[in-house]
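Structural description and commentary
Each chain is listed here by its residues.
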Amino acid sequence: MNTRTLTRTGAASVAAASLLALSACGGSGGGSGDGAGAWILTGGGWPNVESDIQRWNDQAEDGRQIAVESFENDAFKERIRTVVGSGEAPTLIMNWTGGTLAEYVAEERVVDITDEVGDLESRVHESVWNNGVVDGSTYGVPMNGVQPAVMYLNQDVFDEAGVEVPQTWAEVKEVIPQLRDAGYTPFSLAGGSVWPALMWLQYLTDRHGGAEVFQAVVDGEEGAWSDESILWALEEIQWLADEGGFDETFTGVDASQNEDARLLAEGEAAMLLQGSWVYSTIHADFPEFAQSDAFGFTEFPALESGEGDPSNITGNPANFWSVSADASEEEQEVAVDYITEHLYNDEYVQDTLDDGNLPPLNDIDEEIESAENADFLTFADELVSEADNFQLSWDQAVAPEVSQPLMENLEKILVGEITPEEFAEAMNGQQG
Amino acid sequence: MTQTVTSPKSDARRRQGPSFLMALPAVLFFGLFALVPLAGVVVLSFMSWDGLGTPSFNGLDTWFRILQEDQTRNALWLTFLFVVISYVFQAPVALLLGVFMAGQQKYRAFLSVLYFLPLLFSSVAVGITFQTLFSPNYGLSPALGWDWLPAQWLGDPNIALLVVIFVVGWCFVPFHSLLYQAGVRQIPATIYEAATIDGAGRMRQFFSLTLPQLRYTIITSSTLMLVGSLTYFDLVFVLTQGGPAGATRILPLDMYITGFREYDMGGASAIAVILVAVGVTLSLLLNKISGSSRMESDKAGA
């Protein structure tokens, strides 16, 4: 064999081997194949979910195990749609309900589990449970803790500046210059990540005009984004940005690196509006601050003249499990059994509470009182059970294709590139 | 390889080089993994698909919509800026560093190792590290406290693109310096000796000898730089995700965000087709200008 043929044969076999290797990759993911699967996220309380499924697997018969894969938040959101769309979805599809779940239902990618959920429905707070119901049928069940957005405080900053924690929007406007003069940032905001600013927009809109304002957007009413409450909320956000309500460099602060929480923990900022999951982040990353008396939390301030009920909260009611319609019958059965027999078992509930996360259950008062983070959990429990309305985060509530434009236009509001009217016009254009 | 040397006249009409058969595996591979998906993307660009439902044909609608969008025009303009400024920044730095590294001195060999390091890091690690360095509260600016440093790097729409271009350049200059270093080392020393005897100084030698001798390296490096920055994605995505307020949303990011964040697969495919068209045109143009199809060794007789 001379050199030329040798090279050719070599190249050909290398190519053939690569082809085989590549095509082998295609078969591995997704719901087809043996056993049920579930995709979850990383960080926060998610390791608890993973170990809970692990406990299910330990006691389950062969073939009834659930394989878990963890993804970072953004990576998950980008992948899950592709696998659901191609019929390769994991058996248990995690979602935030809202527009995404509505689309899954419309495309018949998830199954109706109304008659299969057993007594779980009676254990869960109604305001949370309803998020998994589409057109009267249950397509998703909550699977972790409630995540309302709350106002975190650094009491030391208030003491040193000699001001009181504001309870109303008028008081907020009073304390901003006072905190500024004392050399502190009133509110820490991770504007670089944009989504934390959405919490401001949600709360301000709700306080000003009530829950109906955003409901009109979800219902697709024409010009719903031009509501005076939304415009007012956007103006207030721009006012806060201009008048030093936020850090001067807030558009460069990133939430994925927990910079916003650090500003609060290190006493640079007085307050932080963030999701309830930040409570465990602060405990993990800034234990000294978390254990000190300086660390506090309260509700979003009330608006004196506003029409919204001050008990209203916004955030994520919870993450939900839906069952893939593309999974085999056996896999669906395993998934439903997991939901009815195993979900929110005592050990999982205890682990979740230990993390400072509150399961949306109405039969765990005792566990809450005896939990390590009882003060925060009681606070969250009261928020949720007393709330007149629990508004799902807007980016999840709107149709999936509107979510990205919403974030982009909000970012333009933050950097002052557009006016509230231009925001409304751009978003109204997305409704069609 | 040796075919043309052993029997140069036996088959004069045949093209030089080894037979096409040898390229067959590569061609098949390319066809299967580049051309077939590309054809799919072209078809998809005439459809409307949200990634979840069933794709449906809608003729030229997607194209009209994408071409009329300010977003796309803005992305095209940003891509143009990104490519041009990247080139203007990277090419001279890489050339000078390469020439410097080609020297035989010990300290230069040591420095070369340091310059080479960015090439070994993964883009995501580089991106996250720079993100921390540019953090307005815990990064360079507050640490150094110099007034003239901007407080905002990646958060300021006016300079974000330049900052991104700098970081991308930081990553890719080492590679191009390496090309130039190899190029310079191939220039025969005798030419320089002759020039020294003729009384040419350092500057004169650089402009009259080094640069002309490096012309093919310059072409190779320029092509890689221009086409590479046209389609560059990962570092920009890690650093800014196209923000703030779309200030760094170059075409590849625009494609990704349109497809996987706005779930408009048809629109994303149309942008992808534009990207392919611009890329192919650019490489053809570069080929034409540089005459690299006529490229042969310039060492003959040296």
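The structure displayed is predicted, hence computed values, not measured ones.

Looking at the overall build of chain B
Counting its secondary structure elements, chain B contains 14 helices and two strands. Projecting the C-alpha coordinates of chain B onto the three principal axes gives extents of approximately 70 × 65 × 30 Å. Here chain B holds 302 residues, and the buried ones make up 30% of them. In chain B, once contacts between residues fewer than 6 apart in sequence are set aside, the share between residues at least 24 apart is 68%.

Some thoughts on the overall build of chain A
When helices and strands are tallied, chain A shows 21 helices and 13 strands. By the compact-globule yardstick of 22 Å for 432 residues, chain A fits well, its C-alpha radius of gyration being 24 Å. In chain A, which comprises 432 residues, the share counted as buried stands at 48%. Considering only contacts within chain A whose residues lie at least 6 apart along the sequence, 77% involve residues at least 24 apart.

Describing helix α8 (residues 160-185) of chain B
Taking 1.5 Å per residue as the helical rise, α8(B) with its 26 residues ought to reach 38 Å, and the 37 Å between its terminal C-alpha atoms agrees with that figure. Considering bend angle alone, the principal kink of α8(B) is centred on B:F172 and spans about 35°; proline B:P174 follows within four residues of it.

Comments concerning the domain arrangement of chain A
Residue and element names in this part refer to chain A. When its domains are assigned, chain A resolves into domain 1 (36-146 + 317-363) and domain 2 (147-315 + 393-431). Distance between the C-alpha centres of domain 1 and domain 2: 29 Å. Taken together, the contact between domain 1 and domain 2 spans 13 residues of the former and 11 residues of the latter. Looking at the side of domain 1 that touches domain 2 residue by residue, the class counts come to three nonpolar, eight polar and two charged.

Considering the interface of chain A and chain B
Listed as interface residues are 29 residues of chain A and, on the opposing side, 29 residues of chain B. The dominant element in the side of chain A that touches chain B, judged by the number of residues it contributes, is helix α20 (residues 400-414) of chain A, at seven residues. The residue makeup of the side of chain A that touches chain B, split by class, is nine nonpolar, seven polar and 13 charged.

Quick look at the environment of A:G252
Following the sequence through the fold, A:G252 ends up in the loop between α11 (228-242) and α12 (259-265). C-alpha separation for the pair A:G252 and A:A190, spaced 62 residues apart in sequence, amounts to 7.3 Å.

Some words on the packing of helix α13 (residues 251-260) of chain B against helix α14 (residues 265-290) of chain B
Residue and element names in this part refer to chain B. Closest axis-to-axis distance for the α13/α14 pair is 7 Å, and the angle between their directions is 160°. When the axis of α13 is compared with that of α14, the two are roughly antiparallel. For the pair α13 and α14, the sense of crossing is left-handed. On the side of α13, the interface is formed by L251, P252, D254, M255, T258 and G259, while α14 contributes M265, G267, A268, I271, A272 and L275. Across the contact of α13 with α14, the residue classes tally to eight nonpolar, three polar and one charged.

Observations regarding unusual backbone geometry
Residues and elements named next belong to chain A. Residue E108 is not a glycine yet carries a positive backbone phi of 55°. Here E108 lies in the loop between α4 (98-106) and α5 (120-123). A positive phi angle, near 65°, is found at V194, a position not held by glycine. Within the element layout of this structure, V194 appears in the loop between β8 (185-188) and α9 (195-209). Note on V194: 23 C-beta atoms within 10 Å, which makes it buried.

Quick notes on the confidence of the model for chain B
The predicted coordinates should not be examined in detail at positions where pLDDT is low. All names here are of chain B. With 91% of its residues at a pLDDT of 70 or more, chain B has an overall mean of 86. Taken element by element, chain B is modelled with least confidence in helix α1 (residues 3-6), mean pLDDT 46, and with most confidence in helix α4 (residues 70-101), mean pLDDT 94. For the stretch residues 1-10, pLDDT sits under 50, and the model shows three contacts to residues farther than four places along the chain or on other chains. At the level of chain-chain contacts, confidence expressed as ipTM amounts to 0.73, with global pTM at 0.80.

Considering helix α2 (residues 24-44) of chain B
Taking 1.5 Å of rise per residue, the 21 residues of α2(B) would be expected to cover 30 Å, and the 28 Å separating its terminal C-alpha atoms lies within 8% of that figure. For α2(B), the buried fraction is low: one of the 21 residues fall into the buried class.

Let's talk about the nonpolar core
Within the largest apolar cluster, 161 residues are counted, with the highest numbers of intra-cluster contacts made by A:I237 and B:I271. For B:I271, the contacting residues outside a window of four places in its chain are B:I66, B:T72, B:L251, B:D254, B:M255 and B:T258.

Digging into the pairing of strand β12 (residues 320-323) of chain A
All names here are of chain A. Residue alternation in β12 divides its side chains into two sets, F320 and S322 and W321 and V323, and both sets are buried. As defined by bridge partners, strand β3 (residues 92-95) adjoins β12 across four bridges and the pair is classed as antiparallel. Across the sheet, the residue bridging to I93 is S322, located in β12. Sheet analysis places strand β6 (residues 141-142) next to β12, joined by two bridges and oriented antiparallel.

A closer look at the confidence of the model for chain A
Looking at chain A as a whole, the pLDDT averages 88, with 92% of positions reaching at least 70. Throughout residues 1-33 of chain A the model reports pLDDT below 50, and contacts reaching past four residues in sequence, or to other chains, amount to 23 contacts.

Focus: the packing of α2(B) against α14(B)
Residues and elements named next belong to chain B. Close contact between α2 and α14 brings their axes to 8 Å; oriented N to C, the two are set at 125°. By the angle between their directions, the pair α2 and α14 is classed as oblique. Where α2 crosses over α14, the handedness of that crossing is left-handed. Between α2 and α14, the residues in contact are L38, V41, V42 and L44 and M265, G266, S269, A272, V273 and V276, respectively. Within the contact of α2 with α14, the residues separate by chemical class into eight nonpolar, two polar and no charged.

Some thoughts on the environment of B:T258
Residue and element names in this part refer to chain B. Mapped onto the secondary structure, T258 falls in helix α13. Put simply, T258 and R65 are 193 residues apart on the chain and 13 Å apart in space, counted from C-alpha to C-alpha. Residue contacts for T258: discarding those within four places in its chain leaves D264, G267, A268 and I271.

About the thresholds
- Residues numbered from 1 in each chain as written.
- Chains lettered and ligands numbered in written order.
- Predicted model: local features only at pLDDT ≥ 70, side-chain atom pairs only at ≥ 80, totals over all residues.
- Helix = DSSP H or I, 4+ residues; strand = E, 2+ residues; numbered from the N terminus.
- Buried ≥ 20, exposed ≤ 12 C-beta atoms within 10 Å, placed from the backbone.
- Contact = placed C-beta atoms within 7 Å.
- Rg over C-alpha atoms; globule rule 2.2 N^0.38 Å.
- Expected span 1.5 Å × (residues − 1).
- Bend = angle between axes of the 7 residues up to and from the residue.
- Domains from an automatic or database assignment.
- Nonpolar A, V, L, I, M, F, W, Y, C, P; charged D, E, K, R; others polar.
- Axes fitted to C-alpha atoms, helices over the stretch in contact; angles between N-to-C directions.
- Parallel < 35°, antiparallel > 145°, perpendicular 65-115°, else oblique.
- Left-handed = near helix turned anticlockwise from the far one by under 90°.
- pLDDT = per-residue confidence, 0-100.
- Core = buried A, V, L, I, M, F, W, Y, C linked by C-beta atoms within 7 Å.
- Pairing = 2+ DSSP bridges.

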